[in-house]
Amino acid sequence: MVVRRRARAVLLPLGLYAVSILVVGYFLHEAESGSRGLEAKRALKIQAYNLQQELDATKADRAEWERRVALLRSDQIDRDLLEERARVVLGRVHPNDVVIITP
């Protein structure tokens, strides 16, 4: 009887400690590599950074196009822009232009 009591007095706390260590280890593992853990947070930050870069590039492109459209819509059309479009549409070049033909 005394042996059982001592075994129970020693093994029960050891068992509880072991179970609690396993539970804490599980939660630590999930906090690091789970679907909402630190690794997922890093991946989302990288994705957000890439999307922000793409948004900035798109905004700059849009601003450039809005500027060019504004030049076409104004009371006086920009001569350089008009000449550039006419050359592209008609397939003509200015006599002073240097033409480089790529294969």
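None of these values were measured; they are calculated from a predicted model.

1. Observations concerning the pattern of salt bridges
It is possible for side chains bearing opposite charge to pair when their charged atoms get close. Per the counting criterion, the structure on display carries 5 salt bridges. Note that Arg42 and Glu32 form a salt bridge whose closest N and O atoms lie 3.8 Å from each other. Highlighted residues: Arg42 in helix H2 (residues 38–73) and Glu32 in helix H1 (residues 2–33), separated in sequence by 10 residues. Notably, a salt bridge pairs Arg67 with Glu64, separated by 2.8 Å at the nearest N-O pair. Here Glu64 and Arg67 lie together in helix H2, a separation of 3 residues that amounts to about one turn. Residue Arg67 is classed as partly exposed on the basis of its relative accessible area of 43%.

2. A few points about the domain arrangement of the chain
Domain boundaries in the chain define domain 1 (1–34) and domain 2 (36–90). Its C-alpha centre places domain 1 at a distance of 60 Å from the equivalent point of domain 2. Each partner contributes residues to the interface: domain 1 has 5 residues there, and domain 2 has 6 residues. For the interface between domain 1 and domain 2, the tally reads 1 salt bridge. Summed over the shared surface of domain 1 and domain 2, the number is 5 residue pairs in polar contact (both at pLDDT 80 or more). Looking at the side of domain 1 that touches domain 2 residue by residue, the class counts come to 1 nonpolar, 2 polar and 2 charged.

3. Some details on the packing of aromatic side chains
Throughout the structure, instances matching the rule amount to 1 aromatic pair. The interplanar angle of 65° and the centroid separation of 5.5 Å between the aromatic rings of Tyr26 and Phe27 together place this pair among those described as edge-to-face. We classify Phe27 as exposed; its relative accessible area is 54%. One Lys or Arg, Arg68, reaches over the ring of Trp65 and ends 5.4 Å from the middle of that ring.

4. Quick look at the UniProt feature "transmembrane region" (unreviewed entry) in the chain
Sites flagged by UniProt as "transmembrane region" (unreviewed entry) map to residues 9–28. The distance from the first to the last C-alpha atom of residues 9–28 is 29 Å, and the span holds 100% helix and 0% strand.

5. Topic: the confidence of the model for the chain
It should be kept in mind that the predicted coordinates are not to be read in detail where pLDDT is low. For the chain, the average pLDDT comes to 87, and 97% of its residues sit at 70 or higher. Ranking the elements of the chain by mean pLDDT puts helix H3 (residues 79–90) last, at 81, and H2 first, at 92.

Definitions and limits used
- Residues numbered from 1 in each chain as written.
- Predicted model: local features only at pLDDT ≥ 70, side-chain atom pairs only at ≥ 80, totals over all residues.
- Heavy atoms only, no water.
- Salt bridge = Lys/Arg side-chain N within 4 Å of Asp/Glu carboxyl O.
- Helix = DSSP H or I, 4+ residues; strand = E, 2+ residues; numbered from the N terminus.
- Buried < 20%, exposed > 50% of the residue type's maximum accessible area, 1.4 Å probe, protein only.
- Domains from an automatic or database assignment.
- Contact = heavy atoms within 4.5 Å.
- Polar contact = N/O pair within 3.5 Å; in protein donor to acceptor, adjacent residues only side chain to side chain.
- Nonpolar A, V, L, I, M, F, W, Y, C, P; charged D, E, K, R; others polar.
- Phe/Tyr/Trp six-rings, centres within 6.5 Å; stacked < 30°, edge-to-face > 60°.
- Lys NZ or Arg CZ within 6 Å of the ring centre and 35° of its normal.
- UniProt positions renumbered as here; feature names shortened; annotations may be inferred.
- pLDDT = per-residue confidence, 0-100.

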